[in-house]
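In case you want the letters, here they are:
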Amino acid sequence: MRSLLVAISLGLTVGVMGCATGPSPVGSQGPQGQSGAAQRTLVVAVRGEPPSVAAKPVASYSGLLNLPQALFNASLDFTDERQIGHPALAEALPELSTDSWKVFPDGRMETTYRLKSGLTWHDGAALVADDFVFSYQLYSNPDFGQSGGPPIAQIEGVSAPDSRTVVIRWKQLYGDAAVLSRSTSNEGLPALPRHILEEPLRNLDVPAFTALPFWSTEYVGLGPYRVVRWESGAYIEGQAFDGYVFGRPKIDRIRAAFIPDAQTALANVLAGEVQYVSDYVLSVPEGQVLEQHWAQDNGGTVLYTPATLRYTGIQLRPDYVEVPALLDVRVRQALASAIDAPTALEVLTASKGVLTNTITPPGIDNYSVVDAAIKKYSYDPRRTQTLMEEAGFTKGPDGYFASRDGRPLQFSVSSTEGIRNEQVAFTFADGLRRSGFDVSQAVVSLVALRLPETSAVVPGLQVRGGSNDYSNYTSVQIPRPENQWRGSNYGGWNSPDYDRAFGNWLTTLDPSERVKRIADMERVMTEQVPIIPHFFDVQVNPHPASLQGPVARYTPAGGGPFLYVSQWEWR
């Protein structure tokens, strides 16, 4: 099987990997005393080339491309595979009812972090608390498009009483104040090197500042690896960082190769040229191929993590929507009843995924509170037809819905390119056709996704896989020209009821009460149907037995595919 698959994919493999797949030198140019095994370059496959590897980039782009960020960054805290927060750059996390987390009578708060001693940037400069002050000054500037989302929008100010103490003043109660990395898909308040960026920020306009090579090829961060080479269109290579907060990585070099094609990635894993595959590249069938291949000699492990919400987003802005019918909530509810998610789950994930009616993972504690509050949709073509008739549409002779005057109802179902994403979109589009919707399938290229407005102006339905962050669906996250198209509310849903429920959740500190606020958000979402959640898809992360350390995650926000990468090692 190995020889056949590699032979079939050889042409693609050579084209995508190029010099990224050449044998890595063993036993040379490594730190003194380091073993030859440690010096072997670890090659990991990632979905595509990001415009930046910054923890919170000032240029917006698809979250599908941001996974290499974890290799080059470190923050005050991190979340583990069960989404539990831990200190990283900080000595400890703030705790309620202590001097480290103060709540004032007027509803404002103050949290304090003490940095660990001896921390440095990749260039050797000391990390100081003032770097967090500078970071807040930049990210709170509306010109950079990051000021509207949590936690930046909730912060009143950041100060540095001394070189190791970071004090964050909050405008309001904020439940995630202790673990900032839970706030968004990008790290909540990462430090930025004032000694590098202060002068350019003072002298350059926004486009020139965001185009600085600092954000990409000359990036200076705090993570386990530092950027040493960036071959556009091929890979990013990192060298182990001696000053990393959790110690120098056990593997000396890492290369993040851009391989969006699943079959190409599979062929490279089978050939031994790639030792780990990150999220959004492989699907269950490729994972099963590897399991069968490795079963003969315990040659490797395939990790399955229900980490990605698969949902259908709906364009809700009149200026961009394909057909006005999509603005009718009855039509959206009809669409939710027209998609056979259980069958899709079985076909696409071999039932390894988790069905859901919500963006909240059904496995969280007290999910029953959420489940009792929401409006549920199951596959029911008869219900679809009833709702469509209420909205003024009937099925014509061709079996597709049309308005009462005979005009056909036609719109598109889009996805990003790649076998997996296109397969998911095809499955849902086929189900919609069988339920009476005349839909076409469209594909958005990865190149187009690098343009921030691309995801925001998809005119019909868009089948997506990504974050289940509650902030993504607030009105402040709507991408617009005036915020440089930054934001994750791609469909442009503007709901005061949801915004209010989200605000109540943000300002609730008690965990049991926070679940009730989640239920309020989910109730509004399932009634208004700006998106249609289907299931939590599994991310497939294989690695050979020669690589030890990667772990499966249990929740979508459970640490990311490169969790504990500094502790990975060659067997």
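The model shown is predicted, which means the values in this text are computed figures rather than measured ones.

Asker: So what about the overall build of the chain? Which residues, and what values?
Answerer: The secondary structure content of the chain amounts to 16 helices and 21 strands. Relative to its length of 571 residues, the chain is compact, with a C-alpha radius of gyration of 24 Å against a globular reference of 25 Å. Considering the chain as a whole, with its 571 residues, one finds that 56% of them fall into the buried category. Of all intrachain contacts in the chain linking residues separated by at least 6 positions in sequence, the fraction that spans at least 24 positions is 70%. When the accessible area of the chain is evaluated, it comes to approximately 22,300 Å², of which 49% is carbon and sulfur surface.

Asker: Could you give an account of the packing of helix H15 (residues 496-506) against helix H16 (residues 511-528), with specific residues and numbers?
Answerer: Between H15 and H16, the shortest axis-to-axis distance is 8 Å and the interhelical angle comes to 165°. By the angle class used here, H15 and H16 are roughly antiparallel. Between H15 and H16 the crossing geometry is left-handed. Contacts between H15 and H16 involve Asp497, Tyr498, Ala501, Phe502, Asn504, Trp505 and Leu506 from the first element and Arg514, Arg517, Ile518, Asp520, Met521, Val524, Met525 and Gln528 from the second.

Asker: Residue-level account of the nonpolar core, with values.
Answerer: The nonpolar side chains of a soluble globular protein tend to be buried with one another. Judged by nonpolar contacts, the single largest core of 128 residues is most densely connected at Trp215, Leu335, Phe437 and Tyr498. With residues near it in sequence (within four places) discarded, tyrosine 498 still touches Ile359, Tyr470, Tyr473, Thr474, Trp493, Met521, Val524 and Met525. Grouped together as the second largest cluster of nonpolar side chains are 22 residues, Val274, Leu282, Tyr304 and Val540 included.

Asker: Give me the lowdown on the environment of arginine 382, citing residues and values where you can.
Answerer: Within the secondary structure, arginine 382 is located in helix H12 (residues 381-390). In this structure, the C-alpha to C-alpha distance between arginine 382 and serine 337, residues 45 residues apart in sequence, is 8.7 Å.

Asker: Let's hear about the sheet that holds strand S6 (residues 155-162): which residues, and what values?
Answerer: The 4 strands lie next to each other as S4-S5-S7-S6, forming an open sheet whose pairing is antiparallel. Strands at the two margins of the open sheet, each flanked by one partner only, are strand S4 (101-103) and S6. Taken over all neighbouring pairs, the strand axes of this sheet differ in orientation by 15° on average, direction set aside. Examined bridge by bridge, S6 and strand S7 (residues 165-170) share 5 bridges and lie antiparallel to one another. Along S7, the bridge assignment pairs isoleucine 155 with tryptophan 170. Here helix H4 (residues 130-139) sits on the sheet in contact with S6 and S7, set at roughly 160° to S6.

Asker: Report on the packing of aromatic side chains, specifying residues and quantitative values.
Answerer: Per the stated rule, a full pass over the model turns up 18 aromatic pairs. Measuring from ring centre to ring centre gives 4.9 Å for tryptophan 170 and tyrosine 174, while their planes differ by 20°; the resulting arrangement is stacked. When sorted by exposure, tryptophan 170 lands in the same class as tyrosine 174, which is buried. Both rings, one in phenylalanine 562 and one in tryptophan 568, keep their centres 6.2 Å apart while their planes meet at 40°; by these two values the pair is tilted.

Asker: How would you explain unusual backbone geometry if you had to name every residue and give the values?
Answerer: The amide bond that connects proline 150 to the next residue, proline 151, takes the cis arrangement and shows omega of 0°. Structurally, the position occupied by proline 151 is in the loop between H4 and S6. If you check the backbone angles, serine 97 has positive phi at about 65° while not being a glycine. Within the secondary structure layout, serine 97 lies in the loop between strand S3 (85-87) and S4.

Asker: Lay out the pairing of strand S12 (residues 300-314) in plain terms, naming residues and giving numbers.
Answerer: On a regular strand, one side chain projects to one face of the sheet and the next to the other, so that they alternate. With 12 of 15 residues buried, S12 is to be regarded as a mostly interior element. Across 13 bridges, S12 lies against strand S19 (residues 531-544) in antiparallel orientation. Paired with valine 302 across the bridge in S19 is proline 542. Bridge count between S12 and strand S18 (residues 461-466): 6 bridges; the pairing is antiparallel. If you follow glycine 313 over to S18, its bridge partner there is glutamine 462.

Asker: Would you mind going over the layout of surface pockets in detail, with residue names and values included?
Answerer: When its volume is computed, the second largest pocket comes out at roughly 280 Å³. Taken together, 18 residues form the lining of the second largest pocket, with Ala341, Thr356, Asn357, Tyr377 and Pro533 sitting closest to its centre. Contributing elements (two or more residues each) for the lining of the second largest pocket: helix H10 (341-349), H16 and S19. When residues in the lining of the second largest pocket are grouped by element, the largest group, 4 residues, is from S19. In terms of residue class, the lining of the second largest pocket is made up of 12 nonpolar, 5 polar and 1 charged.

Asker: Just give me the short version of the confidence of the model for the chain, but keep the residues and values in it.
Answerer: Detailed reading of the predicted coordinates is not advisable wherever pLDDT is low. Taken residue by residue, the chain gives an average pLDDT of 89. The fraction at 70 or more is 92%. Confidence drops under pLDDT 50 across residues 1-33; counting only partners more than four residues distant or on other chains, this segment forms 51 contacts.

Asker: A description of the pattern of salt bridges should follow, citing residues and the corresponding values.
Answerer: If you walk through the whole model with that rule in mind, you get 25 salt bridges. In this structure, arginine 202 engages glutamate 198 in a salt bridge whose closest nitrogen and oxygen atoms are separated by 3.9 Å. On the criterion of helical spacing, the pair formed by arginine 202 and glutamate 198 is a turn pair, its members being 4 residues apart in helix H5 (residues 194-203). Under the relative-accessibility criterion, arginine 202 is labelled exposed at 57%.

Cut-offs and rules
Residues numbered from 1 in each chain as written. Predicted model: local features only at pLDDT ≥ 70, side-chain atom pairs only at ≥ 80, totals over all residues. Heavy atoms only, no water. Helix = DSSP H or I, 4+ residues; strand = E, 2+ residues; numbered from the N terminus. Rg over C-alpha atoms; globule rule 2.2 N^0.38 Å. Buried < 20%, exposed > 50% of the residue type's maximum accessible area, 1.4 Å probe, protein only. Contact = heavy atoms within 4.5 Å. Areas by Shrake-Rupley, 256 points an atom, 1.4 Å probe, with all protein chains shown as cover. Axes fitted to C-alpha atoms, helices over the stretch in contact; angles between N-to-C directions. Parallel < 35°, antiparallel > 145°, perpendicular 65-115°, else oblique. Left-handed = near helix turned anticlockwise from the far one by under 90°. Core = buried A, V, L, I, M, F, W, Y, C linked by side-chain atoms within 4.5 Å. Pairing = 2+ DSSP bridges. Phe/Tyr/Trp six-rings, centres within 6.5 Å; stacked < 30°, edge-to-face > 60°. 1 Å grid on protein atoms, 1.4 Å probe; cavity = no way out; pocket = protein on both sides within 12 Å on 5 of 7 lines; lining within 4 Å. Points joined across faces, edges and corners; volume = space filled by probe spheres on them. Nonpolar A, V, L, I, M, F, W, Y, C, P; charged D, E, K, R; others polar. pLDDT = per-residue confidence, 0-100. Salt bridge = Lys/Arg side-chain N within 4 Å of Asp/Glu carboxyl O.

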